[in-house]
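The lines below spell out each chain.
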Amino acid sequence: MQVQPMAAEKLSQAAPQADAAIAIDDVTLRFVTPDGHMMTAIRDFTMTVARGEFACVVGPTGCGKSTTLNLVTGLLRPTTGNVRVMGNPVTDISRDIGFVFQADALFPWRSVIDNVAAGPLYRGTPKAQAYDRARDWIARVGLGRFEKHYPHQLSGGMRKRVALAQTFINQPKILLMDEPFSALDMQTRTAMQDELLGLWSEQKSSVVFVTHDLEEAVALADKVYVLTAGPGTVKSVYRIDLPRPRVMADIRYDPNFVEIAKVIWNDLREEVQLGQSRTLQTGH
Ligand SMILES: Nc1ncnc2c1ncn2[C@@H]1O[C@H](COP(=O)(O)OP(=O)(O)OP(=O)(O)O)[C@@H](O)[C@H]1O
């Protein structure tokens, strides 16, 4: 087991690899606030996610984690710097990208199978084939008996399984996840983390997973990015060398896991405290 800030602890100074799945190169993003001031959301931000890599991003509230994901989707454009996905500059919302966010993105008026088949149908897959694939994915996430149910008839964990099936059926090369499991109880959350790792290891997507939960980050990731209090930049990057496959219910008791989490928390704590003191001073 090795825990170490990666060679480029100051990754913001290092050029991302050309063939990376995601390459955010020295990006600064400024917004005009509602009262007309400029505010910097992220600054001098450099991040590289290799193909097939699972990267987690942790940082204090408001430090720019969601903004980072929005740069990858193309919903936001950098003020300065470059963002490349699969080697190409981001110009539009890419079909290669799948999302799972905290809120459900399910259509409430559609049954489970109609929700899961929606992506392939939208992409032009013939109906019979789209529904066959949807059935297969619903079975994979353990909801075979619930194809005809509507989202309001499912628990939060079941809806999240539908969301994973809905996302993975499109075989995204890149998966962006913004606190996807934070609303779930601990047990369901653990099950969903296992589910996610299983699906990811089959499909080998490149993942960026944003979370407030450092233990979740360490348990899931190949690499953990720690961001500074806003305006966010990369404070340090840790490679997590815990062996795979990982079993979420067990990994938290692994002494190596505990040690890694402690080291990263020492780093993150300063930023969280800084973020909190700013919130107290400014009220937001
Ligand atoms: N469209 C926007 N216009 C102006 N400011 C914005 C906009 N979107 C985000 N911001 C600001 O950018 C900063 C970063 O926001 P972001 O949502 O990325 O943070 P975060 O780290 O994801 O926060 P949290 O952990 O609370 O979800 C915040 O100060 C936020 O108020």
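Cut-off values and rules
Residues numbered from 1 in each chain as written. Predicted model: local features only at pLDDT ≥ 70, side-chain atom pairs only at ≥ 80, totals over all residues. Heavy atoms only, no water. UniProt positions renumbered as here; feature names shortened; annotations may be inferred. Helix = DSSP H or I, 4+ residues; strand = E, 2+ residues; numbered from the N terminus. Phe/Tyr/Trp six-rings, centres within 6.5 Å; stacked < 30°, edge-to-face > 60°. Buried < 20%, exposed > 50% of the residue type's maximum accessible area, 1.4 Å probe, protein only. Lys NZ or Arg CZ within 6 Å of the ring centre and 35° of its normal. Domains from an automatic or database assignment. Contact = heavy atoms within 4.5 Å. Buried area = accessible area lost by both parts, 1.4 Å probe. Salt bridge = Lys/Arg side-chain N within 4 Å of Asp/Glu carboxyl O. Polar contact = N/O pair within 3.5 Å; in protein donor to acceptor, adjacent residues only side chain to side chain. Nonpolar A, V, L, I, M, F, W, Y, C, P; charged D, E, K, R; others polar. Pairing = 2+ DSSP bridges. Axes fitted to C-alpha atoms, helices over the stretch in contact; angles between N-to-C directions.

The protein is annotated in an unreviewed UniProt entry as ABC transporter ATP-binding protein from Mesorhizobium opportunistum. Taken verbatim from the UniProt record of the protein, the Sequence similarities (unreviewed entry) comment is "Belongs to the ABC transporter superfamily."

**Q** What exactly am I supposed to notice about the environment of A128 here?
**A** Here A128 shows up in helix α3 (residues 127–140). Remark: the alpha-carbon pair of A128 and A117, spanning eleven residues in sequence, is separated by 9.8 Å.

**Q** I'm lost on the UniProt feature "domain: ABC transporter" (unreviewed entry) in the protein in this one. Help?
**A** Per the UniProt record, the feature "domain: ABC transporter" (unreviewed entry) sits at residues 22–254. As annotated, residues 22–254 comprises 33% helix and 27% strand, and the C-alpha atoms at either end are separated by 31 Å.

**Q** Just to check I follow, could you spell out the packing of aromatic side chains for this structure?
**A** Taken as a whole and assessed by the stated rule, the structure comprises six aromatic pairs. Geometrically, the ring pair formed by F54 and F209 is tilted, given 6.0 Å between the ring centres and 40 degrees between the ring planes. Of this pair, F54 sits in strand β3 (residues 54–58) while F209 sits in strand β8 (residues 206–210), and the two are 155 residues apart along the sequence. Judged by relative accessible area, F54 falls into the buried class, the value being 0%. Cluster of aromatic residues (ring-pair linked, three or more members): F54, F181, W200 and F209. Taking the ring centre of F107 as reference, the NZ or CZ of R110 above it sits at 4.3 Å. Its guanidinium or amino end placed over the ring of W137, R140 lies 4.1 Å from that ring's centre, counting from NZ or CZ.

**Q** What exactly am I supposed to notice about the domain arrangement of the protein here?
**A** Accessible area lost upon the coming together of the parts is a frequently used measure of interface size. You can read the domains of the protein as domain 1 (11–96 + 174–282) and domain 2 (108–171). Look at where the C-alpha atoms of domain 1 and domain 2 centre, and you get two points 27 Å apart. Listed by partner, the interface residues are 16 residues for domain 1 and 13 residues for domain 2. On the domain 1 side of the contact with domain 2, R95, L199 and Q203 bury the most area, a combined 43% of that side's loss. At the junction of domain 1 and domain 2, the tally comes to two salt bridges. In this structure, R161 engages E195 in a salt bridge whose closest nitrogen and oxygen atoms are separated by 2.4 Å. Viewed at the interface, domain 2 and domain 1 are joined by five residue pairs in polar contact (both at pLDDT 80 or more). Of all elements in the fold, only β7 (174–178) and α5 (186–203) reach the threshold of two or more residues within the side of domain 1 that touches domain 2. In terms of residues, the side of domain 1 that touches domain 2 owes the most to one element, α5, which gives nine residues. Of the residues assigned to the side of domain 1 that touches domain 2, the class counts are ten nonpolar, three polar and three charged.

**Q** Help me out: how do you make sense of the sheet that holds strand β2 (residues 38–49) in this one?
**A** The strands that make up a sheet pair up through hydrogen bonds in the backbone, lying either parallel or antiparallel. Pairing is antiparallel in the open sheet, where four strands are placed in the order β2-β1-β4-β5. The sheet terminates laterally at β2 and β5 (88–89), the two strands that pair on one side only. For strand β1 (residues 22–32) and β2, the ladder comprises eight bridges, and the chain directions are antiparallel. Of the residues in β2, the one forming a bridge with R30 is T40. Contacting β1, β2 and β4 (80–85), helix α1 (residues 65–73) crosses the sheet at an angle of about 115 degrees to β1.

**Q** Honestly, α1 in this entry has me stumped. Any pointers?
**A** Since the α-helix advances by 3.6 residues per turn, residues separated by three or four positions end up pointing in the same direction. With seven of nine residues buried, α1 is to be regarded as a mostly interior element. Regarding α1, the residues found buried are K65, T67, T68, L69, L71, V72 and T73. Once α1 finishes, G74 follows within two positions and takes phi at roughly 95 degrees, a positive value.

**Q** I keep staring at the sheet that holds strand β9 (residues 223–227) and nothing clicks. Help me out?
**A** Taken together, six strands build an open sheet; the order of strands is β6-β7-β8-β3-β9-β10 and the sheet is mixed. Both edges of this open sheet fall to β6 (97–101) and β10 (234–239), since each of them pairs with a single strand only. Within this sheet the neighbouring strands show an average axis-to-axis angle of 15 degrees, counted without direction. Bridging between β3 and β8 involves four bridges; their strand directions are parallel.

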